[in-house]
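# Survey of secondary and tertiary structure
So you can see what is in the structure, the chains are spelled out below.
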4 protein chains.
Amino acid sequence: MPTILGQNQYGKAENRVVKITRDGDTHHIKDLNVSVALSGDMEEVHYSGSNANVLPTDTTKNTVFAFAKEHGIESAEQFGIHLARHFVTSQEPIKRARIRVEEYTWERIETSDNNSRFIGSDEVKHSFVRKGQEVRTSQITFDGENWEVISGMKDLTVMNSTNSEFWGYVKDKYTTLQEAYDRILATTVQAAWRFNWTSDEQRMPNWERSYAEAKKHLLQAFAETYSLSLQQTLYQMGSRVINSRSEIDEVRLSLPNKHHFLVDLEPFGLKNDNEVYFAADRPYGLIEGTVLRDGVEARIPVDHTNL
Amino acid sequence: MPTILGQNQYGKAENRVVKITRDGDTHHIKDLNVSVALSGDMEEVHYSGSNANVLPTDTTKNTVFAFAKEHGIESAEQFGIHLARHFVTSQEPIKRARIRVEEYTWERIETSDNNSRFIGSDEVKHSFVRKGQEVRTSQITFDGENWEVISGMKDLTVMNSTNSEFWGYVKDKYTTLQEAYDRILATTVQAAWRFNWTSDEQRMPNWERSYAEAKKHLLQAFAETYSLSLQQTLYQMGSRVINSRSEIDEVRLSLPNKHHFLVDLEPFGLKNDNEVYFAADRPYGLIEGTVLRDGVEARIPVDHTNL
Amino acid sequence: MPTILGQNQYGKAENRVVKITRDGDTHHIKDLNVSVALSGDMEEVHYSGSNANVLPTDTTKNTVFAFAKEHGIESAEQFGIHLARHFVTSQEPIKRARIRVEEYTWERIETSDNNSRFIGSDEVKHSFVRKGQEVRTSQITFDGENWEVISGMKDLTVMNSTNSEFWGYVKDKYTTLQEAYDRILATTVQAAWRFNWTSDEQRMPNWERSYAEAKKHLLQAFAETYSLSLQQTLYQMGSRVINSRSEIDEVRLSLPNKHHFLVDLEPFGLKNDNEVYFAADRPYGLIEGTVLRDGVEARIPVDHTNL
Amino acid sequence: MPTILGQNQYGKAENRVVKITRDGDTHHIKDLNVSVALSGDMEEVHYSGSNANVLPTDTTKNTVFAFAKEHGIESAEQFGIHLARHFVTSQEPIKRARIRVEEYTWERIETSDNNSRFIGSDEVKHSFVRKGQEVRTSQITFDGENWEVISGMKDLTVMNSTNSEFWGYVKDKYTTLQEAYDRILATTVQAAWRFNWTSDEQRMPNWERSYAEAKKHLLQAFAETYSLSLQQTLYQMGSRVINSRSEIDEVRLSLPNKHHFLVDLEPFGLKNDNEVYFAADRPYGLIEGTVLRDGVEARIPVDHTNL
């Protein structure tokens, strides 16, 4: 047979696990979507259909739910580390495990002051509303020796209503764009950042704090950059994270330029002084780039996705 | 020809208008998705294709953008009122206008303290991040005489991690469900409420404040109800809005029961003490109902949608 | 309590049932998404949380799957009739049942001629590919006495690349649209049609044949109408179905005008002779209307949806 | 500044271009979604915001539409080759262009025999309905010297209702799955295949014929494989394409195992003899793998996406 098997992986994708932790009457939620991908000595199942080396995807699903009980969910990253270590160390044919996690954040519902009738206390501690802003992501890979942790986010939409220009670009025979000296700059941030924690010997980062800080720096860099191009803003955002967070060595950003076109109101005898915009869907500019700590090698793939 | 024309309407749907208002350096955003539906003397265009009575959908789009400049966007409801009045009063063949609006909410990005380098002030006042929680909706209908305003929301996901039971139900030969005395109750709220403001003679409600209060009451009623069924919670939610807001006479709620199934961990020798849940997608219970101020007639359709 | 309960309904939505029927080696698929909505004497569960009249949504789900075995799935409509009759006649408090069905169509995979190695016959009779064109829909409602059946489709995208004009319309101060004498007309058909079968006394329509014929007539009317407006095309489509199918009395169509804008190529020294178009997403014209057999009363709601 | 720029690219994504070609009265459609990504000497725009090397994304959009006129759209691949060559050869700072295309297929509407009234001929030759089955994809990359063309598809859903087993797998302490000797095997095919055409010196493949044949072989291999695991089916599918098509050297497949669970009807006194299934959404098994012509190096990334 003149064909051979190349890279392959398998597992159960999108296991929706919700963990409630009770601290007296006060409850806490972790709400994750966990995908398992395993690889190793899997030639035989592809060539002959023999499942002798195959831990069923159903078992990987069971493991996700069982581990939520056995280890709890301190953070998405820590949970992924437990899972990846388990698959690689407990099954001989499995040489590599990649765990991807989406996390959905909840906040408490503020309740009314005088509602003791039903719940016998002056505060409801088990009621939540989903924040719904960005989706937090992480990917944990383990090969039995080294760890790679890439965290990030998607669906975070931001806008500057001024302090953005775009001019001085190349003009060829297909160029019709007018230069802009005050435009809206809006994007939906998809970001992935890689930690320099790679070994059990190293001190593990505080994953929760690291995420909160990375998000803050991305937002602030976006807000505080006077932008001459979205590429410049992208670089400032990635650079700010690396400069502020010593545990992060590489940031990959994918920033669609969500165009807000100034509407021409002249036909109606009106002047549009940067007030009324049409928010377009497609097409959109798409600006993608990696920012690296100097001296570090890039490892996040060009089309890094999370689920 | 033995067929005749029944109800019909037309217009431009999903006009994505963004309005920036400048209060010195401080900017404000209104971000709307506006759909126009007009009806009236439109037999001829259906029967013969004569467009003599047809204001083009393209013109209705232009009007949305021009009105954002001419009238500003104080609230989605007020903006819809301007538009509906215009179409019905300015075009003789148009007898009725229905304006639907989705609104997306933004909040300011908090910036770092010491960043005067780029922007020459100690605060960034033109940078926003989309909140991304619920989508706010409204529908304004005008027939030249009477107004109907239905506001609401969609995509607001809430959860109580306790204080929910379900037992004492009918059991037939197809019933296998076990009774539950402590379960998760989660839903994604789709709500529509109708105002009793119907005429220009009446004092207009404060639409922004009304929305904020209605949302607060829906959330609190959800949180504070010890639930024996999602129907009971639905009624409490609708009832709380009407009892608290005199400007609202009718509430329609559509509440999918987002099932969180307790995972059976016994095969793994583990006890699941209401800790680990599987969040299921489909199928889901769907509980829908109208709550009315006593004496009032229902007008919100069973399958009310917004866009 | 100054509030009362209005219209309400509940049930399990989106039960994804797949039925395989074996005719020797030849298999047949029915692939449905079934939603149950029940109403009746349900005040108490809303007011007090007593579930004494509530057949659980979980039971309605079980019934869907059990009925696929007990009655088979001859057609979506016939299956819905079995379910609706069951709920209304078997549970005293349930006065009305509405069953909604989405159906996904499959076709056989044509296999190679000489592949007897694996399957021991000269044709594979159990292999299918999803057609993926339109989704077929139906809604069956029963109140213990009368039936209402509304069938239809969604997601069927069609285009005429000529034979469409738009001119002679109203021009007001916000009108900038140029008249068009040869344009693309494209839409995604959402259609619902109501049968005049309402009682067990009447002879039941052939649901499968009726659907195939209604789809054919909608497509042909779209293709064969020289269009002066999308409203005219809509009326021709609805009218053709009613004139051709005596079992159908009412058709409701919702037709988004999927704009294809001629791209201005003049800046590049090129002439665009109705060749190159930009397919826009939003906004879009939305043309909706009902066509009725003369003398018949309309019953399909303005915003008829299926799921 | 201790950070540096890594891989980066930019361009206009999702240009929706529709091209109508007229062969007398007979029209033909090409309906594409084209995304441009350029890279090269772009450090400066990231570091300082200077756009001196930046061809605007708006210009790349204009080029897509202009080229549809100038070169026509013979195939998605040929169109992408024109575009990629143009960007790399016409702009000195651009060293590499990647064009991605989604293609939507249309078929003619069959019209009625006797409809000469409106259109003056016995056949409508300008009316189309979107097929809606799979989306065809391609990615063309050019660095000024070498070409890489990866074509494929997504959203093609297939099912075998028998001839699939799964047993003999590893069982650990988290395994509860029962072995299956006759199950449904269903998946939604996402496939990408790489051509060995890499230089203008070589004879170019017939892209349209190659696609049709690759699709046919994927479908037939799926249908004709008696499956002991989805991995085995995946390998057969990829292998069949390479063995049948000499122009293709590598195939990457991503196959979600769309679980169809046999419903337990015993509680209702019914036997489920592989007849009634619940089609589940999440979680799902995800089986991914590359099949290579022997001796060839893999180049399609693990997470190859198209848009």
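Sequence order as written defines residue numbering, which begins from 1 separately in each chain. Throughout, the order in which chains and ligands are written sets their labels, letters from A for the former and numbers from 1 for the latter. The predicted origin of the model limits local features to residues at a pLDDT of at least 70 and limits the giving and counting of side-chain atom pairs to 80 or more, whereas totals for whole chains, interfaces and linings rest on all residues. Only hydrogens and water are set aside when side-chain values are computed; all heavy atoms of the structure are taken into account.

### Overview of the domain arrangement of chain A
All names here are of chain A.
- What counts as a domain boundary in this text is fixed by an automatic or database domain assignment. In terms of domains, chain A is made up of domain 1 (7-145) and domain 2 (152-307).
- Between the C-alpha centres of domain 1 and domain 2 the distance comes to 29 Å.
- Contacts between domain 1 and domain 2 engage 21 residues on the former and 18 residues on the latter.
- Roughly 1,700 Å² of surface becomes buried between domain 1 and domain 2 when both sides are summed, with 48% attributable to carbon and sulfur atoms.
- Values labelled buried area give the accessible surface lost by two parts on being combined, using a 1.4 Å probe and summing over both. Taken as a group, Glu134, Arg136 and Thr137 account for 31% of the area that domain 1 buries against domain 2, more than any other trio of residues on that side.
- Here a salt bridge means any side-chain nitrogen of Lys or Arg lying within 4 Å of a carboxyl oxygen belonging to Asp or Glu. Counting across the interface, domain 1 meets domain 2 through five salt bridges.
- Arg136 is paired through a salt bridge with Glu208; the nearest N and O atoms lie 2.8 Å apart.
- N or O atoms within 3.5 Å of each other form a polar contact, as long as, within protein, one can give a hydrogen and the other can take it, and as long as residues adjacent in sequence are counted only when both atoms are side-chain atoms. Linking domain 1 to domain 2 there are eleven residue pairs in polar contact (both at pLDDT 80 or more).
- Contributing elements (two or more residues each) for the side of domain 1 that touches domain 2: β3 (26-40), α3 (76-90), β4 (94-104) and β7 (135-142).
- Labels follow the DSSP assignment, with helices taken as runs of H or I lasting at least four residues and strands as runs of E lasting at least two, numbered in each case from the N terminus. No other element matches β7, which puts five residues into the side of domain 1 that touches domain 2.
- Three classes are used: nonpolar for Ala, Val, Leu, Ile, Met, Phe, Trp, Tyr, Cys and Pro, charged for Asp, Glu, Lys and Arg, and polar for all others, with Gly counted as polar. Split by residue class, the side of domain 1 that touches domain 2 holds three nonpolar, eight polar and ten charged. Residue contacts follow a heavy-atom distance rule, with two residues in contact if any of their heavy atoms lie within 4.5 Å.

### Structural notes on the pattern of salt bridges
- The final tally for this structure, using the stated rule, is 97 salt bridges over all chains.
- Residue Lys95 of chain D pairs with Glu92 of chain D through a salt bridge whose shortest N-O separation is 3.2 Å.
- Type-normalised accessible area, obtained with a 1.4 Å probe on protein chains alone, sets the label of each residue: buried when under 20%, exposed when over 50%, and partly exposed for intermediate values. Among the residues examined, Lys95 of chain D registers a relative accessible area of 37% and is labelled partly exposed.
- Classification of Glu92 of chain D by relative accessible area gives exposed; the value is 58%.
- Here Lys215 of chain D makes a salt bridge to Glu134 of chain D, at a shortest N to O gap of 2.9 Å. Taken as a pair, Lys215 of chain D in helix α5 (residues 207-224) and Glu134 of chain D in the loop between β6 (127-130) and β7 (135-142) lie far apart in primary sequence, 81 residues in all.
- If you follow the salt bridges from partner to partner, you end up with Lys30, Glu77, Glu103, Arg136 and Glu208 of chain A in one network.

### Notes on the relation of the copies chain A and chain D
- Copies overlap after least-squares fitting; the atoms used are the C-alpha atoms of residues with pLDDT of at least 70 in both. By a simple turn and slide, chain A fits onto chain D: the slide is 0.0 Å along the axis, the RMSD is 0.0 Å, and the turn is 180°. Here the symmetry operator amounts to a two-fold rotation axis. Taking C-alpha positions as the reference, the residue of chain A nearest the rotation axis is Asp303 of chain A, at 3.6 Å.

### Observations regarding the nonpolar core
- Side-chain atoms within 4.5 Å link the members of a nonpolar core, which is a set of buried Ala, Val, Leu, Ile, Met, Phe, Trp, Tyr and Cys residues. By size, the foremost hydrophobic cluster in this structure holds 148 residues, and its most contacted members are Trp193 of chain B together with Trp193 of chain C.
- Not counting the four nearest positions on each side in its chain, Trp193 of chain C is found in contact with Val149, Ile150, Ser151, Gly152, Met153, Tyr211, Ala214, Leu218, Ile248, Glu250, Val251 and Ile300 of chain C.

### Here we look at the side chain of Ser39 of chain B
- Within the fold, Ser39 of chain B resides in strand β3 (residues 26-40).
- Judged by relative accessible area, Ser39 of chain B falls into the buried class, the value being 9%.

### With respect to the relation of the copies chain B and chain A
- Rotating chain B by 180° and moving it 0.0 Å along the rotation axis overlays it on chain A with an RMSD of 0.0 Å.
- By residue overlap, the copies meet face to face through one surface: 98% of the interface positions of chain B are interface positions in chain A.

### Looking at the interface of chain A and chain D
- If you look at the interface, chain A gives 79 residues, while chain D gives 79 residues.
- Each partner contributes to the roughly 6,700 Å² buried at the junction of chain A and chain D, and carbon and sulfur atoms together form 51% of this total.
- For the chain A face of the interface with chain D, the top three residues by lost area are Val170, Tyr174 and Tyr235 of chain A, together amounting to 11%.
- Our enumeration of links across chain A and chain D arrives at six salt bridges.
- Taking the shortest distance from any N to any O, the salt bridge between Asp303 of chain D and Arg98 of chain A comes out at 3.5 Å.
- Where chain A meets chain D, there are 42 residue pairs in polar contact (both at pLDDT 80 or more).
- At the level of secondary structure, the elements contributing two or more residues to the side of chain A that touches chain D comprise β1 (3-13), β2 (15-23), α1 (43-47), α2 (57-70), β4, α6 (230-244) and β13 (284-293) of chain A.
- Alignment of β13 of chain A against strand β1 (residues 3-13) of chain D, held across nine bridges, turns out to be antiparallel. Looking across to β1 of chain D, one finds that Val291 of chain A is bridged to Leu5 of chain D. Pairs of strands are assigned from DSSP output, requiring at least two bridges between the strands.

### Here's the deal with helix α2 (residues 57-70) of chain C
- Taking 1.5 Å per residue, 14 residues should reach 20 Å; α2 of chain C reaches 20 Å between its end C-alpha atoms and fits that length.
- With eleven of its 14 residues buried, α2 of chain C lies for the most part within the structure.
- Buried residues of α2 of chain C: Thr57, Asp58, Thr59, Thr60, Asn62, Thr63, Val64, Phe65, Ala66, Phe67 and Ala68 of chain C, and no others.
- The inward-facing, buried residues of α2 of chain C contact β13 (284-293) of chain B, β1 (3-13), β2 (15-23), β3 (26-40) and α3 (76-90) of chain C together with β12 (276-279) of chain D.
- Looking one or two residues beyond α2 of chain C, the residue adopting positive phi is Gly72 of chain C, at roughly 70°. One fewer than the residue count of a helix, multiplied by 1.5 Å, yields its expected span.

### Thoughts on the interface of chain B and chain A
- Counting residues at the interface gives 61 residues for chain B, matched by 60 residues for chain A.
- Taking both partners together, chain B and chain A bury about 5,300 Å²; carbon and sulfur atoms supply 59% of that area.
- When the area that chain B buries against chain A is broken down by residue, the three leading residues are Lys69, Met159 and Glu224 of chain B, summing to 12%.
- For the pair chain B and chain A, the number of links is two salt bridges.
- Between Lys69 of chain B and Glu275 of chain A there is a salt bridge, with the nearest N and O atoms lying 2.7 Å from each other.
- If you look at where chain B meets chain A, you find 29 residue pairs in polar contact (both at pLDDT 80 or more).
- Per-class residue counts for the side of chain B that touches chain A are 30 nonpolar, 17 polar and 14 charged.
- In terms of strand pairing, strand β12 (residues 276-279) of chain A meets strand β2 (residues 15-23) of chain B through three bridges, oriented antiparallel. Residue pairing for β2 of chain B: Phe278 of chain A is matched across the bridge by Val17 of chain B.

### Brief notes about the packing of helix α5 (residues 207-224) of chain B against helix α6 (residues 230-244) of chain B
Residues and elements named next belong to chain B.
- Where α5 meets α6, the axes come as close as 8 Å, and the angle between the chain directions of the two elements is 140°. Between α5 and α6, the interaxial angle falls into the category oblique. Crossing angle aside, the handedness with which α5 passes α6 is right-handed. Contacts between α5 and α6 pair Ala214, His217, Leu218, Gln220, Ala221, Phe222 and Glu224 from the former with Thr233, Gln236, Met237, Arg240, Val241 and Ser244 from the latter. Lines fitted to C-alpha atoms define the axes, with helix axes restricted to the stretch in contact, and inter-axis angles between N-to-C directions lie between 0 and 180 degrees. Orientation labels follow simple angle bins: below 35 degrees gives roughly parallel, above 145 gives roughly antiparallel, 65 to 115 gives roughly perpendicular, and whatever is left gives oblique. What makes a crossing left-handed is the near helix being turned counterclockwise from the far one by less than a right angle; a clockwise turn instead makes it right-handed.

### Structural notes on the packing of aromatic side chains
- Paired rings are identified among Phe, Tyr and Trp, the last through its six-membered ring, by centres lying within 6.5 Å, and are further divided according to the angle between planes into stacked (under 30 degrees), edge-to-face (over 60) and tilted (the rest). Applying the stated rule across the entire model yields 44 aromatic pairs over all chains.
- An angle of 15° between the planes, with centres 3.9 Å apart, marks the rings of Phe142 of chain D and Trp147 of chain D as stacked. For the pair Phe142 of chain D and Trp147 of chain D, one class covers both residues: buried.
- Judged by centre distance (6.0 Å) and plane angle (20°), the ring pair of Trp167 of chain D and Tyr181 of chain D falls under stacked. In this pair, Trp167 of chain D is assigned in the loop between β8 (147-160) and β9 (185-195) and Tyr181 of chain D in the loop between β8 and β9, connecting sequence segments 14 residues apart.
- Residue class for Trp167 of chain D comes out partly exposed when judged on its relative accessible area of 36%.
- Note on Tyr181 of chain D: relative accessible area 48%, which makes it partly exposed.
- One aromatic cluster in this structure is built from Phe142, Trp147, Phe195, Trp197 and Trp207 of chain A.
- We call a charge positioned over a ring when the NZ of a Lys or the CZ of an Arg lies within 6 Å of the ring centre and within 35 degrees of the ring normal. Across from the ring centre of Tyr104 of chain A, 4.3 Å away, lies the NZ or CZ of Arg130 of chain A, which sits over that ring.

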